[in-house]
Protein chains: 2
Amino acid sequence: MGERTGLSVRALHHYEEIGLLVPSGRTESGHRLYAEEDVMRLQQIASLRSLGFSLAEIREFLDAPSFSPGRVIELHIVRIRERIELERSLCDRLEAVAALMSAREDPAVENSAEKFVETVMEVTKMSERIEKYYTPEQLEQLERRKLELGEERIRAAQEEWPVLIEQVRVEMETGTDPSDERVRKLARRWMELVEEFTGGDAGIRCSVTNMWQQEETLMGMDTANMREMMDYISRANAASNHR
Amino acid sequence: MGERTGLSVRALHHYEEIGLLVPSGRTESGHRLYAEEDVMRLQQIASLRSLGFSLAEIREFLDAPSFSPGRVIELHIVRIRERIELERSLCDRLEAVAALMSAREDPAVENSAEKFVETVMEVTKMSERIEKYYTPEQLEQLERRKLELGEERIRAAQEEWPVLIEQVRVEMETGTDPSDERVRKLARRWMELVEEFTGGDAGIRCSVTNMWQQEETLMGMDTANMREMMDYISRANAASNHR
DNA sequence: CTTGAACCTCACGCAGCGTAAGGTCGTATG
DNA sequence: CATACGACCTTACGCTGCGTGAGGTTCAAG
């Protein structure tokens, strides 16, 4: 009968090895005898472990005379929160990979390991760029913006962008004048999406522009083309604003 | 010049040890020579690692001919989500500990390690009870309910309960008849809080009652007293409902 | 007396490197 | 030219919290 506390025998032995819980007696044949107080200590250990404290920390808690429990627990909460944040951003990136993968479901192209790794690299690079061009405050603001907009709105925008870009590309190639009403309409929609994304923050708009200016490729797109398009769009808007 | 990829020299050696990335050459003196393709592979490794894949998984991705990237990434996302959920519940319990600790800030009592461990044990027991009396679906529903109510409302309720309980206790000890208007008012408030908490779900109300019936202590309170109070309250409500 | 369960004591394994310890190689400087 | 310093090399143990044998003893039941 070893584990009334849900702990394995091996765990008890381990705790004994490191001197965290030494059973208060042995039978003459060598079997460990855990007294009531040992069991209590074990329950305490189990509780503290289930809250994510390390065995070293637990030893301090149980043996050290004083250590300000308030601060300890607050620090621990902060630790966990940070881990959660990390994993959340990790999850975001993974979802980005999944989204890109399914978006580019060219059944013709050899769809496998290579494409996967490529997509992963793209997303990784992209998030590096993002860390580079946005300040931490801006990132925080974008996070809030994301929450405000909600998932569905985000997904909708992610689907609208490629369509819009394609439409603009067509007009550009056709040689349509930027002041043409069709183009101006596209440009307005473009700016609306940008506004929605940036939440109207000028700093963020600026960072985005910088990123497009200084990187050669982003999200698998050639930025030279995009710069051209952005120029076209701004001329269309200029035409709108000058009446 | 070892780490253009942000990886330590030791990491490179490790990858070589496990055969994940063997540099394609050596100088005659024995220094490792990483060719362009090695560096590319390294970047791939780094990307995949930053997404939380294990070195073994990465080896599969890079060397195996096929493995259905779609499923792999979905499974990985699920893994991470589960971890996040675990850590979130952990965080909840830690916050419960912190709350209980500061709520019972008896500056007289020796405020230190012991109280901390005691509080931890209480919260641990409490969450064990919760797992025991609620079905997983009910837990999920309570989670949703929590989100619906919002943090402030929760906190407000947590502060109101002790006050309400104390008021009822006083009336009971004074011997006020349950049909007295003062008591009926308290009882109405009591039921309102219960309704708010349970979201009107009968199953959850039932589980709560069971828990109070079958456990001897909960959240540091003697359940016998509470059962008495709940009885008193229901008599007050009966008086209200029978006109 | 024989089983089988439960306990015992080593002691390695894992994941992903960090971190010495002790030696070699290359080059900028006195 | 000797030397000092930095960058690299190999070898190998350390960390966390146990899991998982291997091989032997003890305990209660049949």
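None of the values given here were measured: they were computed from a predicted structure. (Residues numbered from 1 in each chain as written. Chains lettered and ligands numbered in written order. Predicted model: local features only at pLDDT ≥ 70, side-chain atom pairs only at ≥ 80, totals over all residues.)

Counting secondary structure elements, chain A contains 10 helices and 4 strands. When the helices and strands of chain A are placed in sequence order, the string is α-β-β-α-α-α-α-α-α-α-α-β-β-α. When its C-alpha atoms are laid out on the principal axes, chain A stretches across 95 × 45 × 30 Å. Considering only residue pairs separated by 6 or more positions, chain A has 53% of its internal contacts joining residues 24 or more positions apart. (Helix = DSSP H or I, 4+ residues; strand = E, 2+ residues; numbered from the N terminus. Contact = placed C-beta atoms within 7 Å.)

With that settled, the discussion passes to the interface of chain A and chain B. The interface of chain A with chain B comprises 39 residues on the first partner and 39 residues on the second. If one sorts the elements of the side of chain A that touches chain B by residue count, helix α4 (residues 69-103) of chain A sits on top with 20 residues. In terms of residue class, the side of chain A that touches chain B is made up of 22 nonpolar, 10 polar and 7 charged. (Nonpolar A, V, L, I, M, F, W, Y, C, P; charged D, E, K, R; others polar.)

With that out of the way, let us pick up the relation of the copies chain A and chain B. Mapping chain A onto chain B leaves a residual RMSD of 0.1 Å; the transformation is a rotation of 180° accompanied by 0.0 Å of translation along its axis. Expressed as a symmetry operation, the mapping of one chain copy onto the other fits a two-fold axis. Across chain A, the rotation axis passes nearest the C-alpha of A:Ile84, at a separation of 3.0 Å. Looking at chain A, 100% of its interface residues are interface residues in chain B too, so the copies touch through the same face. (Least-squares fit on C-alpha atoms with pLDDT ≥ 70 in both.)

Bringing helix α8 (residues 181-198) of chain B into the picture now. Residues and elements named next belong to chain B. For α8, which comprises 18 residues, the first-to-last C-alpha distance of 25 Å matches the rise-based estimate of 26 Å (1.5 Å per residue) to within 8%. For α8, every residue scored as buried is listed here: Val183, Arg184, Leu186, Ala187 and Trp190. Projected onto a plane normal to the axis of α8, the buried residues spread over an arc of 160° and lie on a single side. Seen from the open side of α8, the exposed residues pointing more than 90 degrees away from its buried face are Glu181, Glu192 and Glu195. If you follow the buried residues of α8, they end up packed against α7 (151-174) and α10 (223-241). One or two steps after α8, the chain reaches Gly199, where phi turns positive at roughly 65°. (Expected span 1.5 Å × (residues − 1). Buried ≥ 20, exposed ≤ 12 C-beta atoms within 10 Å, placed from the backbone. Arc of directions from axis to C-beta.)

Quick look at the protein's contact with DNA strand D now. Neighbouring residues of DNA strand D: 16 residues in total, closest A:Ser8, A:Ala11, A:Ser29, A:Ser54 and B:Arg32. When contributions to the surface near DNA strand D are tallied by element, the ones reaching two or more residues are α1 (9-17) and α3 (55-63) of chain A. Ranked by the residues each element gives to the surface near DNA strand D, the list is headed by α1(A), at 3 residues. Looking at the surface near DNA strand D residue by residue, the classes come out as 5 nonpolar, 8 polar and 3 charged. (Near = placed C-beta within 6 Å.)

A word on the protein's contact with DNA strand C. The environment of DNA strand C is made up of 15 residues, and the closest members are A:Arg32, B:Ser8, B:Arg10, B:Ala11 and B:Ser54. Looking at the surface near DNA strand C, the elements that each hand over two or more residues are α1 (9-17) and α3 (55-63) of chain B. Of all the elements, α1(B) adds the most residues to the surface near DNA strand C, at 3 residues. Among the residues forming the surface near DNA strand C, the class breakdown is 5 nonpolar, 7 polar and 3 charged.

Attention now goes to the packing of helix α5 (residues 113-133) of chain A against helix α2 (residues 36-50) of chain B. Following both chains from N to C, one finds α5(A) and α2(B) inclined at 75°, their axes separated by 9 Å at the closest point. Between α5(A) and α2(B), the angle falls in the class roughly perpendicular. Judged by residue contacts, A:Val117, A:Val120, A:Met121 and A:Thr124 of α5(A) engage B:Gln43, B:Gln44, B:Ser47, B:Leu48 and B:Ser50 from α2(B). Looking at side-chain class alone, the contact of α5(A) with α2(B) contains 4 nonpolar, 5 polar and no charged residues. (Axes fitted to C-alpha atoms, helices over the stretch in contact; angles between N-to-C directions. Parallel < 35°, antiparallel > 145°, perpendicular 65-115°, else oblique.)

Turning our attention to the packing of α8(B) against α10(B). All names here are of chain B. Interhelical geometry of α8 versus α10 gives an angle of 105° and a closest axis separation of 9 Å. Comparing their axes, α10 and α8 come out roughly perpendicular. Here α8 contributes Val183, Arg184, Ala187, Trp190 and Met191 to the contact with α10, which in turn contributes Ile233, Ala236, Asn237, Ala239 and Ser240. Split into classes, the residues belonging to the contact of α8 with α10 amount to 7 nonpolar, 2 polar and 1 charged.

Mapped onto the elements, B:Glu37 comes out in helix α2. Through-space distance from the C-alpha of B:Glu37 to that of B:Pro23 is 9.3 Å; in sequence the pair is 14 residues apart.

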